[in-house]
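In case you want the letters, here they are:
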Amino acid sequence: MRFAHFADIHLGYEQYNQPWRAEDITNAFRLAAKKAVEEKVDFVVISGDLFHRSYPTPKTIKDAIEILEIFKEQKIPVFAVEGNHDRSVRDMSAYHLLEKLGLLTILGLRKNKIERDNVLCQKIGDVYFVKGIYEGIEIVGESYKTRWRIDRIKPLLKPSTSESILVLHQAVKEVIDIELEIAYELTLNDLPKARYYALGHVHLPKILEFDGSYVVYPGSIERYDAREASIFVDYSESLVKREGCKKGFVVVDNFKPKFIEIKTRNLLNFVVNGENYSEVEKKTSELAKFAENEDLVVLKILCREEIDVKKLTQLFSSVKHLELRFERLREKKQEFKEIPAENQFFNEFELKLLEILREESEALRGSAIEIIKEHFGLGEFKSLKDFSEIEKSGAEKGSEKVEVEKEKKETKKIDSVDGKKKPKTLLDFLGD
Ligand SMILES: [Mn+2]
C-alpha cells in the first residue's frame, strides 16, 4: 500500500497581492500531483486547506479541477478533509463541488448519504460519517474543528481496524514549533490510535514518531510566508546565513513516510540592522548579491534614521518581487506600543467571522449570523448532540445551554494567555 499525503496547498492565495503567486502555488501542486502518479500511489490524502479561501474564485476552482483530474484519469481515489481556511459552515463548500465531479471524497460527518467505491458511509443518528477504505485500511478523518468542538468528534475517529490512517487539520501539541506561536487543539495522547497520522495546518514540514506510528505534516506546498523562506540572512553585526525549509509532499509506503521535494521559487528572508542609513545601504547591497532574477525577496530594515526606499529598491531591480519592510528604531527609553496582528488579537471564530464580513457579496456577508449560530451550537448540525450519547465517557451529555457556558469559559481562558490580559475593545486593538 502506497499513498500520497498533501496538505495546506492554499490554491488561490495571492501572496503579497501578487496574482502570479497564486500561479506559483497552482504550478507546485500540479508538479506534485504528477510526481505522486509517477510514484505509483494507490490513493491520495489531502489534509485540509486545499483552497486559501472558503469561497474560491472560478479560476481557482478550475485549477483545482484540472489538477485533481490527473488522479481521476489514473483511477487514484482522493480523500480529503476541509481545513480552517476552506471549510464552510453551510452544507456546501467548494469540496462538495469537487466531490460531485468525482474528484475527491470528503471524510467525516455529513447530512447526506454517499455511495461510491472505496467509501464506507455509516449512519449515526440522523447524519452520516464517511470513511475511506483501501484493501482493509481505514482512512478516518474530519474537517477542522475549534478546540472546544473537537471533543465531541473524537469517539467517531476511532478506527475499527488496526491498519488505519487518521486525517485531521489540527495543530497537535507535540509537533508545533513554539516559535510559530500556533495554539494547539490536541495532544497526541488525546487521539485514537492510528498507524499513520496524516495531518495538516502546520506549514513547516514535520515528521515525528509517536508510539510506533508516524505523525506527519507535509507542510504547505509553496512558501506561505517569510518564516518558510529558502534562505535566511541576518545582517546585524556580522552576516549570518542559514538554509530554510524544503517544500513538497509525502509518499507513504506501508505506513512509512518519505518526503518528496518540489522545487519552488526562492524566497529570501533578509534582515538588515544598521545604526545609520549609510550602514544600511552598504549592508543591503551586499545582501542583494544573494538574490537572483526570479526570486522573491522579503527585506526587513531596522534603522534609527530614515531610509532611501527608492535607492534600496533599485538594488533589487532584477528580482521578481521585493517586499520591503522598515522599522524605525527609537531611543530605548521611548515606549513603543506595537499594534497586535489580527491573529494575535482575535480568536479563530472571530477571524472566520471577519473573513465573511469582508466578502464583497452581500449574500455571503449576510450569512455571518449562520456561523454565529453554529459557533454557539444553535446551528444546522443540531443532530450533533446525538453523538454525545455514543461517547463512552458520557460526561458531556448536557444541554446546549451548558455547552454555551463551557465555550464562554474556554474563550475567557484564551483571552488571558500568559496572565497578560488582552485589550477588550476594538479601540484597544487599533491602539486607541
Ligand atoms: Mn494552512
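Keep in mind it's a predicted model, so treat the numbers as computed, not measured. (Residues numbered from 1 in each chain as written. Predicted model: local features only at pLDDT ≥ 70, side-chain atom pairs only at ≥ 80, totals over all residues. Heavy atoms only, no water.)

Caption draft 1: The arrangement of empty space enclosed by the protein in detail. Summed over the entire model, instances satisfying the criterion amount to 2 cavities of 30 Å³ or more. Estimated volume of the second largest cavity: approximately 80 Å³. Taken together, Arg 87, Val 89, Thr 146, Arg 149, Phe 349, Lys 352, Ile 371, Glu 374 and His 375 form the lining of the second largest cavity. Elements with a minimum of two residues in the lining of the second largest cavity: helix H8 (348-357) and helix H10 (368-375). Counting residues per element, the lining of the second largest cavity draws most heavily on H10, which supplies 3 residues. Classifying every residue of the lining of the second largest cavity gives 3 nonpolar, 2 polar and 4 charged. (1 Å grid on protein atoms, 1.4 Å probe; cavity = no way out; pocket = protein on both sides within 12 Å on 5 of 7 lines; lining within 4 Å. Points joined across faces, edges and corners; volume = space filled by probe spheres on them. Helix = DSSP H or I, 4+ residues; strand = E, 2+ residues; numbered from the N terminus. Nonpolar A, V, L, I, M, F, W, Y, C, P; charged D, E, K, R; others polar.)

Caption draft 2: Representation of the pairing of strand E13 (residues 231-235) within the structure. Taking burial as the measure, the 5 residues of E13 include 4 buried ones, the bulk of the element. Alignment of E13 against strand E14 (residues 239-243), held across 5 bridges, turns out to be antiparallel. Within E14, the position partnered with Asp 234 by the bridge is Val 240. Connecting E13 to the antiparallel partner E14 that follows it, the hairpin turn spans 3 residues. Inspection of the sheet shows E13 paired to strand E17 (residues 267-274) by 5 bridges, in the parallel sense. Paired with Val 233 across the strands is Phe 270, a residue of E17. (Buried < 20%, exposed > 50% of the residue type's maximum accessible area, 1.4 Å probe, protein only. Pairing = 2+ DSSP bridges.)

Caption draft 3: Molecular detail of the pairing of strand E15 (residues 248-253). Among the 6 residues in E15, 5 count as buried, and that is most of the element. The pairing of strand E1 (residues 2-6) with E15 spans 4 bridges and is antiparallel. Residue His 5 lies in a different strand from E15, and its bridge partner there is Val 250. Pairing between E15 and strand E16 (residues 256-261): 6 bridges, direction antiparallel. Within E16, the position partnered with Val 251 by the bridge is Lys 258. Between E15 and the antiparallel strand that follows it, E16, lie 2 residues; Asn 254 among them carries a positive phi value of about 50°.

Caption draft 4: Expanded view of the side chain of Glu 185. For Glu 185, the position within the fold is in the loop between strand E9 (164-169) and strand E10 (196-200). Overall, Glu 185 belongs to the buried group, its relative accessible area being 11%. There is a polar contact of 2.7 Å between the side chain of Glu 185 and the side chain of Gln 170. A polar contact is formed between the side chain of Glu 185 and the backbone nitrogen of Ala 171, at a distance of 2.8 Å. Other than its neighbours up to four places away in sequence, Glu 185 contacts Tyr 144, Lys 145, Arg 147, Ile 150, Gln 170, Ala 171 and His 201. (Polar contact = N/O pair within 3.5 Å; in protein donor to acceptor, adjacent residues only side chain to side chain. Contact = heavy atoms within 4.5 Å.)

Caption draft 5: Spotlight on the pattern of salt bridges. Overall, the coordinates contain 23 salt bridges when judged by the stated rule. Across the pair Lys 62 and Glu 66 runs a salt bridge, and its minimum N-O distance is 3.2 Å. With a gap of 4 residues between them, Lys 62 and Glu 66 both fall in helix H2 (residues 58-73), about one helical turn apart. (Salt bridge = Lys/Arg side-chain N within 4 Å of Asp/Glu carboxyl O.)

Caption draft 6: Representation of the layout of surface pockets. Roughly 700 Å³ of volume is contained in the second largest pocket. As for the second largest pocket, its lining consists of 27 residues, of which Asp 91, His 96, Leu 109, Arg 110 and Lys 111 are closest to the centre. Elements with a contribution of two residues or more to the lining of the second largest pocket: helix H3 (94-100) and strand E5 (108-110). Grouping the amino acids of the lining of the second largest pocket by side-chain chemistry returns 8 nonpolar, 5 polar and 14 charged. Residue contributions to the lining of the second largest pocket reach at least three from each of two domains, namely domain 1 (2-224 + 245-261) and domain 3 (342-427). (Domains from an automatic or database assignment.)

Caption draft 7: Region of interest: the environment of Leu 157. Note on placement: Leu 157 falls in the loop between helix H4 (150-153) and E9. Note on Leu 157: relative accessible area 2%, which makes it buried. As for Leu 157 and Lys 131, which are separated by 26 residues in sequence, their C-alpha atoms are 9.4 Å apart. Dropping the residues within four chain positions of it, Leu 157 is found in contact with Phe 129, Val 140, Gly 141, Glu 142, Leu 166, Leu 168 and Pro 192.

Caption draft 8: Representation of the sheet that holds E16 in the model. Spatially, 6 strands are ordered E4-E3-E2-E1-E15-E16 in an open sheet, and the strand pairing comes out mixed. Only two strands of the sheet have a single neighbouring strand rather than two, namely strand E4 (105-106) and E16. Of the strands in this sheet, E1, E15 and E16 touch helix H1 (residues 19-38), which is tilted by about 170° from E1. (Axes fitted to C-alpha atoms, helices over the stretch in contact; angles between N-to-C directions.)

Caption draft 9: Focus on the side chain of Lys 131. Residue position: Lys 131 is located in strand E7 (residues 127-134). Looking at Lys 131, its side chain comes within polar contact range of the side chain of Glu 138, at 3.0 Å. Among residues more than four places away in sequence, those in contact with Lys 131 are Leu 107, Asn 118, Val 119, Leu 120, Gln 122, Glu 138, Ile 139, Val 140, Lys 158, Pro 159 and Ser 160.

Caption draft 10: Structural detail: the confidence of the model for the protein. Looking at the protein as a whole, its pLDDT mean stands at 85, while 81% of the residues score no less than 70. A low-confidence stretch, residues 380-423 (pLDDT under 50), is modelled with 53 contacts involving residues beyond four sequence positions or located in other chains. The low-confidence segment residues 428-432, where pLDDT is below 50, has 11 contacts with residues more than four positions distant or belonging to other chains. (pLDDT = per-residue confidence, 0-100.)

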